[in-house]
Amino acid sequence: VALRMRLDGGTHNVRCEKQIELAAGSPAISIRYRIENLEPAPLHFLFKQHLAIAATPAHRLELPGGQVTPVDRDFGTRLGSDVPFPWPRGQNHSGETVDLSVLTSPEDRQREFVYVEELPEGWCGVRNHLTGRSLRLEFSRETFPYTWLFMTYGGWRSLYTAVLEPCTNMPKDLDEAFRLGRCARLEPNAFFETSVRVVLA
């Protein structure tokens with residue numbers, strides 16, 4: 001979980017709570033968050049999940065749809081254009097189709113970082129196409145209108161993982177998101193409350 005705040009000349013006084021619920025025999029875990037702004041001025045902030053998956057090439061990324069935008073072409077190696085496209089198929093530098101739901105071999109040393117917006121439903125996850133086992137992260141689209149996907153398949157620090165990051169903001173730079181009006185805002189003495197659910201199947 002990440003929380004970044006926009007600071008105007010000093011620190012902000014906030015109260016943060018996190019509650020985790022796991023019932024015996026349940027395949028799901030629920031996490032509730034509550035942030036209270038104790039300042040007399042509004043608070044602009046970024047809040048997101050950061051669920052790193054111990055993935056393998058047998059896994060597939062699953063989203064219900066959405067519009068994909070690359071975060072940084074200088075970082076990514078799989079996509080060749082900044083033009084947004086419908087999940088999961090974009091184009092590489094040669095104009096060939098790239099399916100972002102498919103994880104590449106670690107020997108290929110690929111990496112990519114994208115934003116996904118306009119998801120028709122509030123969830124994202126992974127599925128092992130060999131075993132059928134899956135993990136799904138469920139969340140509120142009103143709270144998290146954007147989902148970031150950080151994907152490194154041997155191409156960044158030799159790590160192999162996919163990170164699921166439902167987020168309040170887009171882009172990742174807090175000041176830029178504030179300027180564009182795509183930044184979470186909490187009024188004085190108000191509460192930010194939300195919950196997410198991780199389901200194994």
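Here is a short report on the structure shown in this document. (Residues numbered from 1 in each chain as written. Predicted model: local features only at pLDDT ≥ 70, side-chain atom pairs only at ≥ 80, totals over all residues. Heavy atoms only, no water.)

1. Looking at the overall build of the chain
Along its length, the chain carries one helix and 17 strands. Computed over the C-alpha atoms, the radius of gyration of the chain is 18 Å, within 12% of the 17 Å expected from 2.2 N^0.38 for a compact globule of 201 residues. Sequence separation of 24 or more characterises 66% of the internal contacts of the chain that already satisfy a separation of 6 or more. On the chain, the mean spot of the 23 positive side-chain charges and the mean spot of the 25 negative ones are 4 Å from each other. (Helix = DSSP H or I, 4+ residues; strand = E, 2+ residues; numbered from the N terminus. Rg over C-alpha atoms; globule rule 2.2 N^0.38 Å. Contact = heavy atoms within 4.5 Å. Lys, Arg positive; Asp, Glu negative; His and termini not counted. Charge placed at Lys NZ, Arg CZ, Asp CG, Glu CD.)

2. Structural notes on the state of the cysteines
A covalent bond between the sulfur atoms of two cysteines is referred to as a disulfide. Counted according to the given criterion, the structure contains zero disulfides. Cysteine 167 provides the cysteine sulfur closest to cysteine 183, a residue in no disulfide bond, and the two sulfurs are 9.3 Å apart. The class of cysteine 183 is buried, set by a relative accessible area of 14%. (Disulfide = S-S within 2.5 Å. Buried < 20%, exposed > 50% of the residue type's maximum accessible area, 1.4 Å probe, protein only.)

3. Some thoughts on the nonpolar core
As a rule of thumb, nonpolar side chains are buried together in soluble globular proteins. Counting 37 residues, the largest nonpolar core has Leu61, Leu100, Val114, Leu149 and Leu164 as the members making the most contacts within it. Those residues in contact with leucine 100, other than ones at most four positions away along the chain, are Leu61, Val68, Arg78, Leu79, Phe85, Trp87, Pro88, Val114 and Met151. Core analysis: the next-biggest nonpolar cluster, separate from the first, contains 14 residues, Leu46, Val71, Phe75 and Cys167 among them. (Core = buried A, V, L, I, M, F, W, Y, C linked by side-chain atoms within 4.5 Å.)

4. Re the packing of aromatic side chains
Under the counting rule described, the total for this entry stands at twelve aromatic pairs. Each ring, one from phenylalanine 47 and one from phenylalanine 144, has its centre 6.1 Å from the other, and the planes form 20 degrees; the classification is stacked. Linking phenylalanine 47 in strand S4 (residues 43-48) with phenylalanine 144 in the loop between strand S13 (134-138) and strand S14 (146-156), this pair joins segments that are 97 residues apart in sequence. The class for phenylalanine 144 is buried, based on a relative accessible area of 1%. For the ring pair phenylalanine 113 and tyrosine 115, a centre distance of 6.4 Å and an interplane angle of 45 degrees mean the geometry is tilted. Classification of tyrosine 115 as buried rests on a relative accessible area of 5%. These aromatic residues form a ring-pair network of at least three members: Tyr33, Phe45, Phe47, Phe139, Phe144 and Phe192. A cation over an aromatic ring shows up here: arginine 111 above the ring of phenylalanine 75, its NZ or CZ 5.1 Å from the ring centre. (Phe/Tyr/Trp six-rings, centres within 6.5 Å; stacked < 30°, edge-to-face > 60°. Lys NZ or Arg CZ within 6 Å of the ring centre and 35° of its normal.)

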